[in-house]
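Working through the structure, step by step
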Amino acid sequence: MRRIATLTLNPAIDGACEAERVFPTHKIRTNNERYDPGGGGINVARVVARLGGEAEAYYLAGGVTGAVLDSLIDKAGIARTRIDIHDHTRVSLAVHERASGQEFRFVPEGPLVGDAEWQAALDRLTVAECDYLVVSGSLPRGVPDDFYARARAAMAPRGVKLVVDTSGAALARTLVDGGIFLMKPSQGELEQLIGRKLADVAAIAEAASAFVAGGQVEHVAVTMGHRGAVLVNAGGAFLLPAVPVEARSAVGAGDSFVGAMTLGFARGWSAAEAFRYGLAAGTAAVLTPGTDLCCREDVERILASVPEPEALTIGASAG
């Protein structure tokens, strides 16, 4: 199996708990607290490990909370390379309100990263031993929008395939230079990227196909929530419908999708097989509470019910 590395520039200690009700002013008593190492790339590495693969997590961390993040990653059994920063690592919180079934998510903006600090991360990547690099999550303050494009350029001489799961200015700037193996936006992130709403599945597929036709991306997988996911590559556009499940939390679904799909490619699977694996893992993630990710048993069970991708005709309505 080919080697996977992940990069997380704005990681977090992800806290999760439950409360009967969430309301202002008064103390809200919580229970069932848990803490996990978080941030897109770290979550992807955790998913790869849960599914029987291996991935090394590269990440920025600092302050007393950085040490806590280190210990949580070690507890998860993930190989790691920390790049030190002066500012502290953020702590996020997801609160499940039992009375309504709703989830409230509090996500700080994260640290301010200096030029020397993000340059150190870039330098470290130039010697990272991997075949796939997953860059996932937001950019912290101080990191330039073209950082992921710089990371691709640093890895390109060794043939490392870049997997991108980010949004906003960071995604737009990374696409300028292209050379992306796999991009996984949600429908909302794709709409933000192109500046317009997409009415149906066919419109989503057509929008994604522009990046493939332009040579910027080899594979684009767009997740659409209850409508499933679309994959576009040189072979065409394909739809996988959602697998109906009772969702407990949406946290980590995208990271689970990316982790499983990347692992599928690393195992030498076809794009269709990797796509099905990604959908199964993303679906499995919503079955777990709080900040937990997909479980291997759930992924394998759900995968058995995921059909072969349906070919779409670009420009025709797919519903």
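Conventions adopted
- Residues numbered from 1 in each chain as written.
- Predicted model: local features only at pLDDT ≥ 70, side-chain atom pairs only at ≥ 80, totals over all residues.
- Heavy atoms only, no water.
- Helix = DSSP H or I, 4+ residues; strand = E, 2+ residues; numbered from the N terminus.
- Buried < 20%, exposed > 50% of the residue type's maximum accessible area, 1.4 Å probe, protein only.
- Expected span 1.5 Å × (residues − 1).
- Polar contact = N/O pair within 3.5 Å; in protein donor to acceptor, adjacent residues only side chain to side chain.
- Pairing = 2+ DSSP bridges.
- Core = buried A, V, L, I, M, F, W, Y, C linked by side-chain atoms within 4.5 Å.
- Contact = heavy atoms within 4.5 Å.
- Axes fitted to C-alpha atoms, helices over the stretch in contact; angles between N-to-C directions.
- Parallel < 35°, antiparallel > 145°, perpendicular 65-115°, else oblique.
- Left-handed = near helix turned anticlockwise from the far one by under 90°.
- Phe/Tyr/Trp six-rings, centres within 6.5 Å; stacked < 30°, edge-to-face > 60°.
- pLDDT = per-residue confidence, 0-100.

Before going further, it helps to examine unusual backbone geometry. The phi dihedral of Thr25 is positive, around 75°, even though this residue is not glycine. Relative to the assigned elements, Thr25 resides in the loop between β2 (12–19) and β3 (31–38). Residue classification places Thr25 among the exposed residues on the basis of a relative accessible area of 81%. At Asn32, a position not held by glycine, the phi torsion is positive, near 55°. By the secondary structure assignment, Asn32 is in strand β3.

With that settled, consider helix α7 (residues 201–213). End to end, α7 covers 18 Å across 13 residues, agreeing with the expected 18 Å (1.5 Å per residue, within 8%). Among the residues of α7, Val201, Ala202, Ile204, Ala205, Ala207, Ala208, Ser209, Phe211 and Val212 are the ones counted as buried. Capping the start of α7, Asp200 holds a side-chain oxygen 3.3 Å from the backbone nitrogen of Ala202, two or three residues further along. Gly215, located one to two residues past α7, shows a positive phi value of around 80°.

To continue, consider the pairing of strand β13 (residues 236–240). Bridge analysis of strand β12 (residues 229–233) against β13 gives 5 bridges, and the strand direction is antiparallel. Across the sheet, residue Val232 finds its bridge partner in β13, namely Ala237. With 3 bridges connecting them, β13 and strand β14 (residues 310–312) associate as antiparallel partners. Paired with Ala237 across the bridge in β14 is Leu312.

In terms of nonpolar packing, the biggest core is built from 50 residues, with Ile4, Met261, Phe265 and Val299 touching the most fellow members. With 9 residues, the top contributor of residues to this core is helix α9 (residues 271–285). Excluding anything up to four places from it in sequence, Phe265 contacts Tyr132, Phe181, Leu182, His219, Ala271 and Ala274. In terms of nonpolar packing, the next biggest core, distinct from the first, is built from 48 residues, Leu9, Val135, Val201 and Leu239 among them.

For the pair helix α6 (residues 187–194) and α7, interaxial distance at closest approach is 11 Å and the crossing angle is 60°. By the criterion of interaxial angle, the relationship of α6 to α7 is oblique. Viewed along their axes, α6 and α7 form a crossing whose handedness is left-handed. Packed against α6, whose contacting residues are Gln187, Leu190, Leu193 and Ile194, the element α7 presents Ile204, Ala207, Ala208 and Phe211 at the interface.

Position of Arg82 relative to the elements: it lies in strand β5 (residues 79–84). Considered as a pair, Arg82 and Gly62 are 20 residues apart in the sequence and their alpha carbons are 9.2 Å apart. Residue contacts for Arg82: discarding those within four places in its chain leaves Tyr59, Ala61, Gly62, Gly66, Ala67 and Asp70. At 3.4 Å, the side chain of Arg82 forms a polar contact with the backbone oxygen of Ala61.

Now for the packing of aromatic side chains. On inspection of all chains with the given rule, the structure shows 6 aromatic pairs. Ring centres of Tyr132 and Phe181 lie 5.7 Å apart, and the angle between their planes is 65°; on these two criteria the pair is classed as edge-to-face. Here Tyr132 is found in strand β8 (residues 132–136), whereas its partner Phe181 is found in strand β10 (residues 180–183), with 49 residues between them in sequence. Accessibility assignment for this pair places Tyr132 and Phe181 in one class, buried. Clustering of aromatic rings is evident, with ring pairs tying together Trp118, Phe147 and Tyr148.

Strand pairing in a sheet relies on backbone hydrogen bonds. The paired strands run either parallel or antiparallel. Reading across from one edge, β5-β4-β1-β8-β9-β10-β11-β12-β13-β14 is the order of the 10 strands in this open sheet, with mixed pairing throughout. Unpaired on one side and paired on the other, β5 and β14 mark the two borders of the sheet. Each strand axis lies, on average, 20° off the axis of its neighbour in the sheet, ignoring direction. Sheet topology places β8 next to strand β9 (residues 161–165); 5 bridges connect them, and they run parallel. Residue pairing in the sheet places Leu133 in a bridge with Leu162 of β9. This element, helix α2 (residues 63–75), spans β4 (55–61) and β5 of the sheet and lies at about 170° to β5.

Moving on, we come to the confidence of the model for the chain. With 96% of its residues at a pLDDT of 70 or more, the chain shows a mean pLDDT of 93. Summarising per-element confidence for the chain, the mean pLDDT is lowest in strand β7 (residues 103–106) (90) and highest in β10 (98).

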